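Per-entry structural report
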Amino acid sequence: MKSKLNTVRLDAWDLRILSELQADGRISKSELAKRVHLSASACSERLRILETGGAIEGYYARLSPSLTGGVIFVMVEVVLDRHRLEDQRHFETAIHAIPEVLDCWAIGGQIDYLMRVAAPSMAAYQEFMEGLLQVGLGIDQYYSLIVTKSVKSNSPIPLSASRQR
């Protein structure tokens, strides 16, 4: 399946717009136009193309870590028991529907997936993992890495170093 993003050609103006939006997703269109030195109509049109073309996947609020008080985060390395395409698709489809899995990346090497999981306690995390093992996702092994402190997270993608399309 071809990505919609392949149809969007990013230029210096687009990169400026994307950089500003990463810094402040609630910026008004008129303020965005001022910051990137474009007319409001030109900026709005570029923004529409970036959104419909898939360069912008959505807008969200970054919540304060203090809000999550009792939540623990666990990085989970997952190894599947089989590596057929249908097994990977089955695992990935199921993971999309699980709200405790905040992020999941397919990775190369000895580990198949790396997930970031949120749970209210270690006991709840263990119960969550036991449930995952029981539903038949093809997990052969998993390794848990408990996050003890967030040093850096939710950083913007550095567009200055990106390839322009």
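Quick notes on the rules
Residues numbered from 1 in each chain as written. Predicted model: local features only at pLDDT ≥ 70, side-chain atom pairs only at ≥ 80, totals over all residues. Heavy atoms only, no water. Axes fitted to C-alpha atoms, helices over the stretch in contact; angles between N-to-C directions. Helix = DSSP H or I, 4+ residues; strand = E, 2+ residues; numbered from the N terminus. Parallel < 35°, antiparallel > 145°, perpendicular 65-115°, else oblique. Left-handed = near helix turned anticlockwise from the far one by under 90°. Contact = heavy atoms within 4.5 Å. Buried < 20%, exposed > 50% of the residue type's maximum accessible area, 1.4 Å probe, protein only. Pairing = 2+ DSSP bridges. Phe/Tyr/Trp six-rings, centres within 6.5 Å; stacked < 30°, edge-to-face > 60°. Lys NZ or Arg CZ within 6 Å of the ring centre and 35° of its normal. Expected span 1.5 Å × (residues − 1). Arc of directions from axis to C-beta. Core = buried A, V, L, I, M, F, W, Y, C linked by side-chain atoms within 4.5 Å. Salt bridge = Lys/Arg side-chain N within 4 Å of Asp/Glu carboxyl O.

Let us look at the packing of helix 1 (residues 12-23) against helix 2 (residues 29-36). Two elements in contact, helix 1 and helix 2, have axes separated by 10 Å at closest approach and are oriented at 125°. The angle between helix 1 and helix 2 falls in the class oblique. Relative to helix 2, the crossing made by helix 1 is right-handed. Between helix 1 and helix 2, the contacting residues are Trp13, Arg16, Ile17, Glu20 and Leu21 on the first element and Leu32, Arg35 and Val36 on the second.

A few words on the pairing of strand 1 (residues 72-80). Both faces of the sheet carry side chains from a regular strand, because those side chains alternate between them. The buried fraction of strand 1 amounts to seven of the nine residues, a majority that puts the element mostly inside the structure. In this sheet, strand 3 (residues 113-119) lies alongside strand 1 in antiparallel orientation, the contact comprising seven bridges. When the bridges of strand 3 are listed, Glu77 appears paired with Leu114. Bridging between strand 1 and strand 4 (residues 139-146) involves seven bridges; their strand directions are antiparallel. Bridge pairing in strand 4 links Leu80 to Ile139.

Turning our attention to the packing of aromatic side chains. Taken as a whole and assessed by the stated rule, the structure comprises one aromatic pair. The ring of Trp13 has Arg16 sitting right over it, with the charged end atom 4.6 Å from the ring centre.

This part takes up helix 5 (residues 122-134). One turn of an α-helix holds 3.6 residues; hence residues three or four places apart share an orientation. Helix length check: helix 5, at 13 residues, gives a terminal C-alpha distance of 18 Å against a target of 18 Å (1.5 Å per residue), a fit within 8%. Among the residues of helix 5, Tyr125, Phe128, Met129 and Leu132 are the ones counted as buried. Buried residues along helix 5 cover an arc of 95° about the axis, so they all sit on one side. Turned more than 90 degrees away from the buried face of helix 5 sit Ala123, Glu127 and Gln134, all of them exposed.

Read from one edge of the open sheet, four strands run 2-3-1-4, paired in antiparallel fashion. Of all strands in the sheet, those bounded by a partner on one side alone are strand 2 (101-106) and strand 4. Taking each pair of neighbouring strands and ignoring which way they run, the sheet shows an average axis angle of 20°. Packing of helix 4 (residues 85-96) onto the sheet brings it into contact with strand 1, strand 2, strand 3 and strand 4, and relative to strand 3 it is tilted by some 20°. Contacts between helix 5 and the sheet are confined to strand 1, strand 2, strand 3 and strand 4, with strand 4 contributing the most and set at about 165° to the helix.

Soluble globular proteins tend to pack their nonpolar side chains together in the buried interior. Of all hydrophobic cores here, the largest spans 19 residues; its most connected members are Val76, Val78, Phe91, Met115, Tyr125, Phe128 and Leu132. For this core, the elements supplying multiple residues, two or more each, are strand 1, helix 4, strand 3 and helix 5.

Where side chains of opposite charge bring their charged atoms close, a pairing between them can arise. Applying the stated criterion to the full structure yields nine salt bridges. Residue Glu31 pairs with Arg35 through a salt bridge whose shortest N-O separation is 3.1 Å. Linking Glu31 with Arg35, this pair stays in helix 2, spanning four residues, or about one helical turn. On the basis of relative accessibility, which here comes to 37%, the residue Arg35 falls in the partly exposed class. Between Glu45 and Arg48 there is a salt bridge, with its nearest N and O atoms 2.6 Å apart. Placement of the pair is Glu45 and Arg48 together in helix 3 (residues 40-52), with a separation of three residues, close to one helical turn. Taken together, the shared-partner salt bridges connect Arg82, Arg84, Glu86 and Asp87 into one network.

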